[in-house]
Amino acid sequence: MTSDRARALQSLMSMYFHLRAVPPPALRNSASWFRRLFADDWNTVRERIGRHREEVLDKGYLHHAVLYAGIPPHQAPDGPRTHVVLGGRPVSHPDPSLPPFLLLTAAQAGRVADYLAQTDFEELWGQAREELMRPYGMPEAERDVRGAFAAAHRDLTAFYAQTAQYGDAVVKWLMV
């Protein structure tokens, strides 16, 4: 394997999509501030995850977006379903080669929390199952794959519920 290919593979394996609750008065309209928001060590991140103040999805974060928002031509209209993972106003990163931050207002985060509280995971799984199972190609993997998506759904539901309870906004970023 070439060193460029190895670096690209290593980069893909170490991507994490972070969702972080932030009180609206603490928000700054500065990409540098957003970058510092995600500069904590993993112990601090794990502690916030335990308190439902942050959530992290692995490199499969786009599959989680499919679970909620669907894929064209059956993609959900803009709103809480599409805001769960990839929704929010983009804020450019200071380094143009890196993905933008995404900002959900407190009101949008509250609508996402309401949507998730009323959502039936089994219905979501039934609608997205074929697409979500495609990368695995083995029917015997379904139990584990479905279980991983169900666990992430519970975690996202708890994160957004806690965020809405505090009246917080959500800042998202794909960290590489």
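For the structure itself, look to the data block above.
Report follows, based on the coordinates.

### Description of the packing of helix α4 (residues 61–69) against helix α7 (residues 121–133)
The axes of two packed helices give the description: the angle between them and the distance between them. Interaxial distance between α4 and α7 falls to 8 Å at its minimum, and their mutual angle equals 125°. In terms of axis orientation, α4 runs oblique to α7. The handedness of the crossing between α4 and α7 is right-handed. Residue-level contacts link H63, V66, L67 and Y68 of α4 to F121, L124, W125, A128, E131 and L132 of α7. Taken together, the residues that form the contact of α4 with α7 break down as 8 nonpolar, 1 polar and 1 charged.

### Section: the sheet that holds strand β4 (residues 101–104)
Spatial strand order, β2-β1-β5-β4-β3: 5 strands in an open sheet with antiparallel pairing. Across the chains shown, the open sheet's two edge strands, defined by having one partner strand only, are β2 (54–57) and β3 (89–91). Here the strands of the sheet are splayed against their neighbours by 20° on average, with no regard to which way each runs. Where β4 lies against strand β5 (residues 169–175), 3 bridges are found, and the strand directions are antiparallel. Across the sheet, L103 pairs through a bridge with V171, a residue of β5. Docked against the sheet, helix α3 (residues 42–50) engages β1 (16–22) and β2, running at close to 110° with respect to β2.

Calculation rules
- Residues numbered from 1 in each chain as written.
- Predicted model: local features only at pLDDT ≥ 70, side-chain atom pairs only at ≥ 80, totals over all residues.
- Heavy atoms only, no water.
- Axes fitted to C-alpha atoms, helices over the stretch in contact; angles between N-to-C directions.
- Helix = DSSP H or I, 4+ residues; strand = E, 2+ residues; numbered from the N terminus.
- Parallel < 35°, antiparallel > 145°, perpendicular 65-115°, else oblique.
- Left-handed = near helix turned anticlockwise from the far one by under 90°.
- Contact = heavy atoms within 4.5 Å.
- Nonpolar A, V, L, I, M, F, W, Y, C, P; charged D, E, K, R; others polar.
- Pairing = 2+ DSSP bridges.

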